[in-house]
Amino acid sequence: MLARTLETTIRRACRTFPAVMVTGPRQSGKTTLIRHGWGSTHRYVSLENPDVRARAAADPVGFLRDNPPPLILDDVQYVPSLTAYVKSAIDEDRRPGRWLLTGSQPVPLAASAGQSLAGRVAMLALLPLSVGEALERPEGDRTVPDLLDLLHDGDGPEMSAPSLADWLLRGGYPEPRANSDVDRMLWMSSYVQTYLERDVRQVVQVGNLNALERFLRLAAGRSGQALNLSDLARDAGVSHPTARAWLSALEAGGQVYLLPPYHTNFGKRLIKSPKLYWLDTGVLTYLLGLHSPEPLMHGPFLGPLLETAVVIAWVKAFHHRGMPPPLYFWRSHDGLEVDLLIELDGQLWPVEVKATATLTPHHAAGLAKWRTLAGQENSRGLLIADVPEPCSVMPGIRAVPWWWV
């Protein structure tokens, strides 16, 4: 059992909220986390069991009467209407921490629970393992501002650096990450077929599975790029509405993340389409057909893959601390770009990602130009790269190893 950053956040929420709902993609560790942390104090019921699900749907009042809190309701996405009856039970007894719910369809489930349990539930998300969690350093007691200060000014963790190729190939899903005996190819293939494709089919009608598979692989090839849905639909051989529906289903299932552009105009016309990122590099490299370190580390996808890993690391850092990610990218039409902007307390942290182990001040030129355009010459910035040790690239801009994030 690897400790998760989110456990600290759940415990904090349980002190004040009657209910806590943990959503996230399938196999991200929701059930393991909740049962390990609260299995001794809460009754556990899984709605994945068809008999239990049918009873809960047919007689929700009787079902909850037979399963009183403190209660863990697992896979509540199978009976989303049950949250309305949980609301009634909470209104009768609002003691905190008595209801723990999990579900694997974050967006639609959050909408359903938000309507039924508004003001009564803390909505949290569990994504696949971060590098820190995989290294048994979940750092749940550190805030994001603490992490940024440590990256820019502090010393790194005293441990051996993980392999970048291994992280990109095996990703952060707990089973292939924590158990080296798991066959990565078989696991990723099964995940794509049994979860990813099935979830898309549950949300939208899919008449051509070959077209869906082609769409997934083409979307994988665009991770780290500005989203052009028309081009993606054309290349996949499907209509624009179909491509939009499939992409929305992937986003709803916690498989892809759309990074919005930062809209403040710093004197240049800006790109306004979001950038597409896959939330797990293991699934991403599988869809790209990359299965061994050599072609991965010396091929054309290394840069987008490392950028994906770093951006998603920040997505996890915020979500696992119960915060919506205030993350953006910035790119002008004449090519000036900042991979990531982190907005905290009115301050912008520019972050650039470089897939190189040999850094020069030239690599920080984009950050320096952005600081000038933004009128933030004294702001602190980060250059994330495959370097062994941190170093100052220019005043206010520090390069740090990718895995520190």
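Everything numeric here is computed off the predicted structure, so don't read it as measured data. (Residues numbered from 1 in each chain as written. Predicted model: local features only at pLDDT ≥ 70, side-chain atom pairs only at ≥ 80, totals over all residues. Heavy atoms only, no water.)

**Q** How should I be thinking about the sheet that holds strand 3 (residues 71–74) in this particular structure?
**A** Paired through their backbone hydrogen bonds, the strands of a sheet run either parallel or antiparallel. In space, the 5 strands of this open sheet follow the order 2-3-4-1-5, with parallel pairing throughout. At either margin of the open sheet sits one strand with a lone partner, and together these are strand 2 (43–46) and strand 5 (121–125). Strand-to-strand twist of the sheet, defined as the mean angle between neighbouring strand axes without regard to direction, takes the value 15°. Bridge count for strand 1 (residues 19–23) against strand 4 (residues 99–103) is 5 bridges, and the pairing is parallel. Within strand 4, the position partnered with Val20 by the bridge is Leu100. Helix 2 (residues 30–38) rests against strand 1, strand 2, strand 3 and strand 4 of the sheet, and its axis sits at about 165° to strand 4. (Pairing = 2+ DSSP bridges. Helix = DSSP H or I, 4+ residues; strand = E, 2+ residues; numbered from the N terminus. Axes fitted to C-alpha atoms, helices over the stretch in contact; angles between N-to-C directions. Contact = heavy atoms within 4.5 Å.)

**Q** Just to check I follow, could you spell out the environment of Asn67 for this structure?
**A** Tracing the sequence through the fold places Asn67 in the loop between helix 4 (60–66) and strand 3. For the pair formed by Asn67 and Tyr195, sequence separation is 128 residues and the distance between their alpha carbons is 29 Å. Contacts of Asn67, omitting those with residues within four sequence positions, involve Arg43 and Val45. Looking at Asn67, its side chain comes within polar contact range of the main-chain oxygen of Phe63, at 2.9 Å. (Polar contact = N/O pair within 3.5 Å; in protein donor to acceptor, adjacent residues only side chain to side chain.)

**Q** Explain the sheet that holds strand 8 (residues 275–278) to me, please; I cannot follow it from the model alone.
**A** Pairing is antiparallel across the open sheet formed by 3 strands, whose spatial order is 6-8-7. In the strand order of this sheet, the two ends are held by strand 6 (225–226) and strand 7 (256–259), each with one partner. Pairing analysis gives 2 bridges linking strand 6 to strand 8, with the strands arranged antiparallel. In the sheet register, Ala226 faces strand 8, and the bridge partner there is Lys275. Sheet strands touched by helix 14 (residues 240–252): strand 7 and strand 8. Its angle to strand 7, the strand with the most contacts, is close to 105°.

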